[in-house]
Amino acid sequence: MKKIALGALLLICGFNANAQQDLPANPEPGKCYVRCTTPDVYENQTVKVQVTPEYKKLKTFPATYKTVTEKVIIKEASKKLAVIPAKYKTETVTFIKKQGASALKVIPAKLASGAETVEIKPAYAQWELGAPAPDCASSNPDDCRYWCYKGYPAEFTTVPVKTLGADASTQSSSIAEQTGTYTKRVLVEPARVVEEVIPEEYGTVTKTVLAKDAYTEEVIVPATFKEVSKEVLTQKGGLTTWKEVECSLVEYSALPINWNLGSATLTPQAKSIIDTRLMPVLANNAGAKMEIASHTDARGSKTNNKALSDRRAQSVVNYLIAKGVNASRLVANGYGETRLKNRCADGVTCTERQHASNRRTEFRLIQ
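Not measured: the values here are computed from a predicted model. (Residues numbered from 1 in each chain as written. Predicted model: local features only at pLDDT ≥ 70, side-chain atom pairs only at ≥ 80, totals over all residues. Heavy atoms only, no water.)

1. Some details on the overall build of the chain
To keep things clear, this is the line we draw: Each helix is a run of DSSP H or I of at least 4 residues and each strand a run of E of at least 2, with the numbering of both proceeding from the N terminus. The cut-offs for exposure are 20% and 50% of the maximum accessible area for each residue type, with area from a 1.4 Å probe on protein chains only; residues under the lower value are buried, those over the upper are exposed, and the others partly exposed. We call two residues in contact when some of their heavy atoms are within 4.5 Å. Shrake-Rupley sampling with a 1.4 Å probe provides the accessible areas, and residues are treated as covered by the protein chains on show and by no other component.
Each helix and strand in the chain was counted, giving four helices and 22 strands. In the chain, which comprises 367 residues, the share counted as buried stands at 20%. Contacts spanning at least 24 positions in sequence make up 83% of the contacts within the chain whose residues lie at least 6 apart. A total accessible area of about 26,300 Å² is found for the chain, and carbon and sulfur atoms account for 54% of it.

Structure below.
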């Protein structure tokens, strides 16, 4: 019975029959083990972050203007153009309409008839007992019989066969190319333009021109900085070892968080429960992975229940990460209404207390 119990506990920890070589050496009956991964090691460093850059603070002064009169072009000089069109002629061009090629004819292989003689039984000899002599004086007929060593010839058969007279080959013949013609227009004399100059026209305008442009006076505002603590990887984890754990830790245990209706936000009371229930388990089982599983009752749609349970499980994982737990040790799973603890499925009338037993969050150590 102890061996059966040990096998069941190993299955709970996430093992299978094909991984016997990965099991811990010399396990004790009735004990549970988990595969623990050494975590990455980080150290806190302080960096100086520029919060605001150095910049200029400016005071502006408006521009000043003056009035002037000047001669301006009211119509620019231009050109009058006369276009003499291009002249063309027609030419005939010959082109290859279809390129020449080769045609191949297959000459099949030729086979000849023949025969091959095969020995189907070799020659042999054997001793044989002859008939009794007619003038034998003994009353026992076997006294007057004789033995002969008789030989038999070999036996043969003739098998008809085919031999290759000539292998398959090809015969090539040429396909002549085909030509065609087309006509095109060829430029004989390009188009040209004859120019006639049209002079510009002038007038006077009064305008306000800039006497002095707007300008600024600047004051330098220095940059500001803030010191920020950050985690820096100093030692890469990833090594795995087996560790004995309490068997109750590899089974789902309740995390008594009272979630607000439709909410995945952790209340101060919920955070206190996580601090007192989960943090010691993670600290006492360094390197072990933990699953956070969240469930809902069957009221509402399956899609919404699955999404809500996902968010609640992830909220617990995010809080643990914020408390310094390595993210590689945490798995968040939302099961929605797929793992009800009682009969309160869709269409079944249940009390609020019965529904409440399905709204739960649980945890366990996993491989």
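After that view, the rundown keeps rolling.
2. Quick word on the state of the cysteines
Definition in use: Disulfides are defined in this document as cysteine sulfur pairs within 2.5 Å.
The full count for this structure, using the stated rule, is one disulfide. Residue pairing for Cys344: its cysteine sulfur links by disulfide to Cys350, the two sulfurs lying 2.1 Å apart. The sign of the -110° torsion about the S-S bond sets the Cys344-Cys350 disulfide as left-handed. Of the two residues examined, Cys344 and Cys350, each falls in the buried class.

3. Side note on the packing of helix H2 (residues 268-284) against helix H3 (residues 302-322)
Just so we agree on the cut-off: For every element, the axis is a line fit to its C-alpha atoms; helices are fit only across the contacting stretch, and the angle between N-to-C directions ranges from 0 to 180 degrees. In what follows, roughly perpendicular refers to angles from 65 to 115 degrees, roughly parallel to angles under 35, roughly antiparallel to angles over 145, and oblique to any angle outside these ranges. Take the far helix as your reference; a near helix turned counterclockwise from it by less than a right angle gives a left-handed crossing, and one turned clockwise gives a right-handed crossing. For this classification, Asp, Glu, Lys and Arg are treated as charged, while Ala, Val, Leu, Ile, Met, Phe, Trp, Tyr, Cys and Pro are nonpolar and the rest, including Gly, are polar.
Viewed as axis vectors pointing N to C, H2 and H3 meet at an angle of 65°, and their least axial separation amounts to 11 Å. Classed by the angle they form, the pair H2 and H3 counts as roughly perpendicular. The chirality of how H2 crosses H3 is right-handed. Only Val316, Tyr319 and Leu320 of H3 make contact with H2, whose side of the interface consists of Lys271, Ile274, Asp275, Leu278, Met279 and Leu282. In the contact of H2 with H3, the residues fall into seven nonpolar, no polar and two charged.

4. A few points about the environment of Arg277
Defined as follows: As used in this structure description, the phrase polar contact means that two N or O atoms lie within 3.5 Å; if the pair is within protein, one of them must be able to donate a hydrogen and the other to accept it, and residues adjacent in sequence are counted only when both atoms belong to side chains.
Here Arg277 shows up in helix H2. Here the alpha-carbon distance between Arg277 and Phe363, two residues 86 residues apart in the chain, equals 9.8 Å. Filtering out sequence-adjacent residues up to four positions away, Arg277 remains in contact with Ala254, Leu255, Pro256 and Phe363. Within the local environment of Arg277, its side chain forms a polar contact with the backbone oxygen of Ala254, the two atoms lying 3.2 Å apart.

5. Concerning the pairing of strand S8 (residues 110-121)
As a reminder of what qualifies: A strand pair is defined by DSSP finding two or more bridges across the two strands.
Among the twelve residues that make up S8, zero are buried, leaving the element largely open to the surroundings. Relative to strand S11 (residues 155-166), S8 is paired through eleven bridges, and the arrangement is antiparallel. Counted as the bridge partner of Leu111 is Leu164 from S11.

6. What about the sheet that holds strand S19 (residues 253-254)?
In space, the four strands of this open sheet follow the order S19-S22-S20-S21, with mixed pairing throughout. The sheet is open, and its two borders are formed by S19 and strand S21 (330-336), each paired with just one other strand. Of the strand pairs in this sheet, strand S20 (residues 289-295) and strand S22 (residues 360-366) are connected by seven bridges, and their pairing is antiparallel. When the sheet's bridge partners are listed, Ser294 is paired in S22 with Thr361. Of the strands in this sheet, S20 and S21 are in contact with H3, which crosses S21 at around 160°.

7. Concerning the nonpolar core
For clarity, the threshold we go by: Put simply, a nonpolar core is a bunch of buried Ala, Val, Leu, Ile, Met, Phe, Trp, Tyr and Cys residues held in one set by side-chain atoms that sit within 4.5 Å of each other.
Ranked by size, the top nonpolar core spans 23 residues in total, and within it Ile274, Leu278, Met290 and Val316 carry the most contacts. Those elements giving two or more residues to this core turn out to be H2, S20, H3 and S22. Sort the elements by how many residues they give to this core and H2 lands first, with six residues. Beyond its immediate chain neighbours, meaning those up to four positions away, Val316 contacts Leu255, Ile257, Trp259, Leu266, Ile274, Leu278 and Ile292.

8. Some words on a nonpolar patch on the surface
What counts is decided by this rule: The patch calculation keeps residues exceeding 30% relative accessible area without a salt bridge and links them within 9 Å when they carry like charges or within 5 Å when they are nonpolar (Val, Leu, Ile, Met, Phe, Trp, Tyr). Take a side-chain nitrogen of Lys or Arg and a carboxyl oxygen of Asp or Glu: if they are within 4 Å of each other, that pair is a salt bridge.
Side chains of Trp127, Leu129, Trp147 and Tyr149 sit close together on the surface and give an oily, nonpolar patch of about 530 Å² of accessible area. Assignment of secondary structure puts Tyr149 in strand S10 (residues 147-152). Overall, the relative accessible area of 52% leaves Tyr149 in the exposed class.

9. Considerations on H2
The condition is simple: Multiplying 1.5 Å by the helix residue count minus one yields the expected span of that helix.
Over its 17 residues, H2 extends 24 Å from the first C-alpha to the last, a length consistent with the 24 Å expected when each residue adds 1.5 Å. Ala270, Ile273, Ile274, Leu278, Val281 and Leu282 are the residues of H2 that are buried. On its buried face, H2 is in contact with S20, H3, S21 and S22.

10. Here we look at the confidence of the model for the chain
What counts is decided by this rule: pLDDT measures how confident the predictor is about each residue, on a scale from 0 to 100.
Averaged over all residues, the pLDDT of the chain equals 81, while 81% of them reach at least 70. Per-element confidence in the chain ranges from a low mean pLDDT of 36 for helix H1 (residues 2-12) to a high of 94 for H3. Ignoring residues within four places in sequence, the model shows residues 1-20, a span with pLDDT below 50, making 25 contacts including any to other chains.

11. A few points about the pattern of salt bridges
Applying the stated criterion to the full structure yields 16 salt bridges. Between Arg364 and Glu291 there is a salt bridge; the shortest N-O distance is 2.8 Å. Of this pair, Arg364 sits in strand S22 while Glu291 sits in strand S20, and the two are 73 residues apart along the sequence. The buried category is assigned to Glu291, whose relative accessible area is 2%. Of the charged contacts in the structure, one is a salt bridge between Arg359 and Asp297, with a shortest N-O distance of 2.9 Å.

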